[in-house]
Amino acid sequence: MVEIRLTNTKTRGKEAFAPIDPQNVRLYMCGPTVYDRAHLGNARPVVVIDVLVALLRHVYGADHVTYVRNFTDVDDKINATALSRQQAGAPGTLEELIRERTQETIGWYHADMDALGAARPDHEPRATDYIAQMIAMIETLIADGHAYARDGHALFRVRSYKDYGKLSGRSVDDMIAGARVEVAPFKEDPMDFVLWKPSDAELPGWDSPWGRGRPGWHIECSAMSYELLGESFDIHAGGIDLQFPHHENEIAQSACAHPHGDFARVWLHNEMLQVEGKKMAKSLGNFFTVRDLLDKRVPGEVIRFVLLSTHYRKPMDWTADKAREAEAVLHKWRGLVAGIDPAPSPAPAVIAALADDLNTAGAIAALHEIAGQGDAALLLASARLLGLLTDELGDWIVAGPDLSALADRMTELRQAAKASKDFSAVDAMKQKLTDAGVEVRMTAAGVELLAGPGFDAGKLERV
Ligand SMILES: [Zn+2]
């Protein structure tokens, strides 16, 4: 069996990975808070962990891996959006507007991550479906002296857990000195963090032993991972920005609520993403979502390739040059493998690179070598282990003809027709386009032309 080695933040070493149960390798990743489109930085861990899951399935068997990624659907930003929609006159209760907003955002998230070729996890629990389990866990923590209730809040007593700070390598006193801890009258100690907080009439809330309220963020992951993966599981993944306080708090809650479990044995953290050498920020004008790139016709496969071209433990720099290079490489490779069946298994060099702490950059280097040798079948089988050269991601390569000039002409005709009330020229053009196998979509935003299955470029000349 292939030995997988992973860098474990908990031990700060690269360790041989030994699952608790090889029949069911269990992995949890902190998922998105669903209030808006995923930005490019959000996509990095999703694509990295997608490759890890593919490697685990390759080694332990497709049916022997359980991958859980949550949706945080209770959050002050979501509430704020729903409230402003309600104030703008949107119909429905606040709870309905929140549900509408999170449903919409989850739909976007799925579409965007699908476009990057990331397989959906086995479970995608939503926090609001696990409120009862969170309340039960908080009750256990209170009963055992690890938490307390005050003024409608439930708080975790950080000093009751001696290993607090171990994951990120800080002492509680250092953290108090260096961190922006919130001092609040209901806290015994400034480091204590919220497990439950009260909700007023303008906020979503659930009944609890501490009054109507809503859970804190950290308790979600502890409760949902316990429900779906048990008190000990193999890997917990997430961005390095979540290490403190989120992951530290998850560990404290889970270790104290389930003292006989290990919670997560391996902690995997990916580094952050920059754009053209700078931190991505709305104020710098270099902030973009996955959808922004897709809309600019950067193919999902190209985004995936660029994200995987840097090792997950290094900061990743997204540049337009990298995207162009990736597009050229993929174009060439797709040409090589066209009409070829994949080899029965991926190249050992590619598996070895991935097994070595998920060295995706090394795996891509190995793919270049295989392509250079002209072994198309092996290239195809190996690239697919990284989720590249798949059928699902191949649409961009056979992208249809550029119909934008025709769309512009039709938009002009339509504008003229609206003024003259004579639509005959628009109708005639539409008919000719339809005859050439072009689907015509007219919306308030403009005219969209799409080459359909019966597209005939020859007939376009008559339009
Ligand atoms: Zn989490």
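Let me begin by describing the structure that accompanies this report. (Residues numbered from 1 in each chain as written. Predicted model: local features only at pLDDT ≥ 70, side-chain atom pairs only at ≥ 80, totals over all residues. Heavy atoms only, no water.)

**Points about the pairing of strand 5 (residues 147-150)**
Bridge count between strand 5 and strand 6 (residues 153-156): 4 bridges; the pairing is antiparallel. Bridge assignment links Y148 to a residue of strand 6, and that residue is L155. Hairpin connection from strand 5 to strand 6: 2 residues lie between these consecutive antiparallel strands, with D151 at a positive phi of about 50°. (Pairing = 2+ DSSP bridges. Helix = DSSP H or I, 4+ residues; strand = E, 2+ residues; numbered from the N terminus.)

**Here we look at the sheet that holds strand 8 (residues 213-215)**
Strand pairs in the sheet, formed through backbone hydrogen bonds, run parallel or antiparallel to each other. Spatially, 4 strands are ordered 5-6-7-8 in an open sheet, and the strand pairing comes out antiparallel. The sheet is open, and its two borders are formed by strand 5 and strand 8, each paired with just one other strand. Ignoring strand direction, the axes of neighbouring strands in this sheet form an average angle of 20°. Looking at chain direction, strand 6 and strand 7 (residues 193-198) are connected through 3 bridges and run antiparallel. (Axes fitted to C-alpha atoms, helices over the stretch in contact; angles between N-to-C directions.)

**A few points about the sheet that holds strand 13 (residues 316-318)**
Pairing within the open sheet is mixed, and its 3 strands lie in the order 12-11-13. Edge strands, defined here as strands with exactly one partner in the open sheet, are strand 12 (278-279) and strand 13. Note that strand 11 (residues 273-275) and strand 12 share 2 bridges and pair antiparallel. What sits directly across from Q274, in strand 12, is K279.

**Description of the pattern of salt bridges**
In total, this model carries 24 salt bridges according to the counting rule given. Across the pair D356 and K14 runs a salt bridge, and its minimum N-O distance is 2.7 Å. Placement of D356 in the loop between helix 11 (348-355) and helix 12 (360-372) and of K14 in strand 2 (residues 13-16) is noted, with a sequence separation of 342 residues between them. Take D356: its relative accessible area is 33%, and that puts it in the partly exposed class. (Salt bridge = Lys/Arg side-chain N within 4 Å of Asp/Glu carboxyl O. Buried < 20%, exposed > 50% of the residue type's maximum accessible area, 1.4 Å probe, protein only.)

**Focus: the coordination of the zinc ion**
Within the protein, the atoms that donate to the zinc ion are C30 (SG), C221 (SG), H246 (NE2) and E250 (OE), at distances of 2.1 to 2.2 Å. Coordination at the zinc ion is irregular, judged from the 4 donor atoms that bind it and the angles of 80 to 129° they form at the metal. Of note, the donors binding the zinc ion are all from one chain and are spaced C-x190-C-x24-H-x3-E. Of the two residues, C221 sits in helix 6 (residues 217-229) while E250 sits in helix 7 (residues 243-257), which places them 29 residues apart along the sequence. Exposure remark for E250: the relative accessible area of 0% places this residue in the buried category. (Donors = N, O, S within 2.8 Å, 3.2 Å for Na, K, Ca; no water. Tetrahedral: all angles 85-135°; square planar, octahedral: opposite > 155°, others 65-115°.)

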